[in-house]
Amino acid sequence: MFRVKNLWIIHLLGWVLFMSLPLTIVSREPSAGFPVRILQSGWFSSFFLVYATLFYGNLLVLVPKLYLKQHYVAYAAVFVGLLVAIYFSKPFERLIFRNFRQEQGRELRPEPPREGFREGRPPRPPHGGDARPMPRPNGERAVDFVSLTLFIVVWAVAMAIRISREWRQSERRAILSEAEKAHAELSFFKAQINPHFLFNTLNNIYALAVSSSAHTAPSILKLSQMMRYITEEATENYVPLEDELACLENYVELQKLRLNAKTSLDYEVKGQPEGIRIAPLILMTFVENAFKYGVSNHRESVIRIAVEVAGGDIRFLCQNRIIERNREEERTGVGILNTQKRLDLLYSGFYDFDIHNDGEIFTVKLKLPGR
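Residues numbered from 1 in each chain as written. Predicted model: local features only at pLDDT ≥ 70, side-chain atom pairs only at ≥ 80, totals over all residues. Heavy atoms only, no water.

Peer 1: I'd like to hear about a nonpolar patch on the surface, residue by residue, with values.
Peer 2: Where nonpolar side chains cluster on the molecular surface, the patch consists of V80, V84, Y87 and F88 and spans about 380 Å² of accessible area. By secondary structure assignment, the location of F88 is in helix α4 (residues 72-89). On the basis of relative accessible area, F88 is assigned to the exposed category, the value being 59%. (Patch = residues over 30% accessible without salt bridge, like charges linked within 9 Å, V, L, I, M, F, W, Y side chains within 5 Å. Areas by Shrake-Rupley, 256 points an atom, 1.4 Å probe, with all protein chains shown as cover. Salt bridge = Lys/Arg side-chain N within 4 Å of Asp/Glu carboxyl O. Helix = DSSP H or I, 4+ residues; strand = E, 2+ residues; numbered from the N terminus. Buried < 20%, exposed > 50% of the residue type's maximum accessible area, 1.4 Å probe, protein only.)

Peer 1: How would you sum up the packing of aromatic side chains? Please name residues and give values.
Peer 2: For the structure on display, the rule yields 12 aromatic pairs. With centroids separated by 5.3 Å and ring planes inclined at 65°, the aromatic side chains of F79 and W155 adopt a geometry described as edge-to-face. You can see F79 sitting in helix α4 and its partner W155 sitting in helix α6 (residues 145-210), a full 76 residues away along the chain. The class of W155 is buried, set by a relative accessible area of 5%. (Phe/Tyr/Trp six-rings, centres within 6.5 Å; stacked < 30°, edge-to-face > 60°.)

Peer 1: Any chance you could break down α4 for me, citing the residues and the numbers?
Peer 2: Its 18 residues give α4 an end-to-end C-alpha distance of 26 Å, which sits within 8% of 26 Å, the value for a rise of 1.5 Å per residue. Just beyond α4, the residue with positive phi is K90, at close to 50°. (Expected span 1.5 Å × (residues − 1).)

Peer 1: Tell me about the side chain of S219, residues and numbers included.
Peer 2: As for its position among the elements, S219 is in helix α7 (residues 216-232). Leaving out residues up to four positions away in the same chain, S219 has contacts with I205, L208, L254 and L257. (Contact = heavy atoms within 4.5 Å.)

Peer 1: I'd like a rundown of the nonpolar core, residues and numbers included.
Peer 2: The biggest cluster of nonpolar side chains holds 44 residues, and the ones touching the most others in it are F291 and F316. At the level of secondary structure, the elements contributing two or more residues to this core comprise α6, α7, α8 (241-256), α9 (282-293), β4 (301-310), β5 (313-321), α10 (335-346) and β7 (361-369). Not counting residues up to four positions away in its chain, the partners in contact with F291 are Y251, V252, Q255, R258, L259, L265, I303 and I305. Judged by nonpolar contacts, the second largest core, of 23 residues, contains F18, L54, F151 and A158. (Core = buried A, V, L, I, M, F, W, Y, C linked by side-chain atoms within 4.5 Å.)

Peer 1: Provide a residue-level description of the pairing of β4, including the pertinent values.
Peer 2: Relative to β4, strand β2 (residues 263-270) runs parallel, the two sharing 8 bridges. Considered in β4, the bridge of S264 is made with V302. With 8 bridges joining them, β4 and β5 adopt antiparallel strand pairing. Directly across from A310, in β5, lies its bridge partner D313. Adjacent in sequence and paired antiparallel, β4 and β5 are bridged by 2 residues, among which G311 carries a positive phi angle near 60°. (Pairing = 2+ DSSP bridges.)

Peer 1: How would you sum up unusual backbone geometry? Please name residues and give values.
Peer 2: We note that K90 has phi near 50°; this positive angle belongs to a residue other than glycine. Counting through the fold element by element, K90 comes out in the loop between α4 and α5 (91-108).

Peer 1: I'd like a rundown of the environment of R258, residues and numbers included.
Peer 2: When you line up the elements, R258 lands in the loop between α8 and β2. When the C-alpha atoms of R258 and A207 are compared, they prove to be 8.8 Å apart, with 51 residues separating the residues in sequence. Apart from residues lying up to four places away in sequence, R258 is in contact with N204, F291, K292 and V295.

In structure tokens form, the structure reads like this:
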């Protein structure tokens with residue numbers, strides 16, 4: 001509503017400024033009442049209607065129906081036709097010089113002879129000047145340059161306003177389209193990530209159940225908490241960091257159940273996560289990858305996971321020894337690739353991400369701004 005009111009005010013001020021042009025010109029006339037007669041004349045209303053029709057006709061009809069639909073020849077033909085019409089109709093000259101001739105007629109009308117004047121002596125012209133001859137009925141100038149200039153200005157302003165408005169709308173539609181595309185991509189990435197680690201976790205719980213382990217029931221509870229988090233909270237773009245860490249801890253606890261003596265785990269959280277928000281399941285991808293490719297029944301292995309909250313930033317470190325695997329098992333899937341895309345969409349230009357592989361240790365370092 002505020003923008004609509006502002007728009008009307010701008011249009012009103014623009015027309016007041018435009019219509020002040022003829023009054024500025026006639027204000028130099030010696031007769032103080034001449035500008036008032038200009039305003040009261042029917043030619044003034046006609047002058048205003050001509051240019052208002054040109055402006056809004058071009059703004060609302062010609063530009064959107066012809067120019068923006070690339071009917072350039074038709075648009076140019078209308079422009080030339082209207083320009084010719086203005087050339088012959090001469091609205092500005094008709095407004096000024098018709099009223100000017102009427103004003104001259106009033107000034108040059110002879111006064112009744114006064115007593116004492118000699119016969120044959122012409123009356124003295126008013127204002128102490130010389131009498132100006134009455135212009136001929138067709139005494140206007142051959143070309144009304146003012147009317148033509150006003151036509152071009154009004155036409156160009158209307159065209160510029162409409163094109164700039166369409167450009168802003170196109171830009172807005174492009175931004176909305178990009179936002180919708182980003183949202184769709186995020187949903188797609190999540191749909192790929194979530195089943196991935198849930199599938200691995202279910203496999204671990206199945207192994208516990210087969211062996212009748214006492215850890216089966218607590219593991220199912222932890223998995224239930226993880227699933228509740230994923231289905232109820234992780235659908236948002238950002239979630240509380242403490243909830244994300246709780247889900248991560250449940251996952252680590254579930255993975256501990258299958259670790260043997262050859263694999264050691266160092267999991268550490270520092271700082272206060274309260275009031276900090278993070279994109280869900282960002283850290284989970286790297287932790288899952290560490291457990292998937294850093295655990296061996298035959299070689300010594302170390303997995304280190306560290307999360308630190310300091311100064312409103314989230315610093316994450318994940319390291320694991322690289323275990324030799326065949327070509328098929330070396331495929332890490334789409335997890336890390338999709339996580340990188342999510343980082344670009346949600347933290348574009350505001351995160352530090354580094355993956356280092358020296359052939360022995362696979363290291364992930366990530367720094368995110370808290371939301």
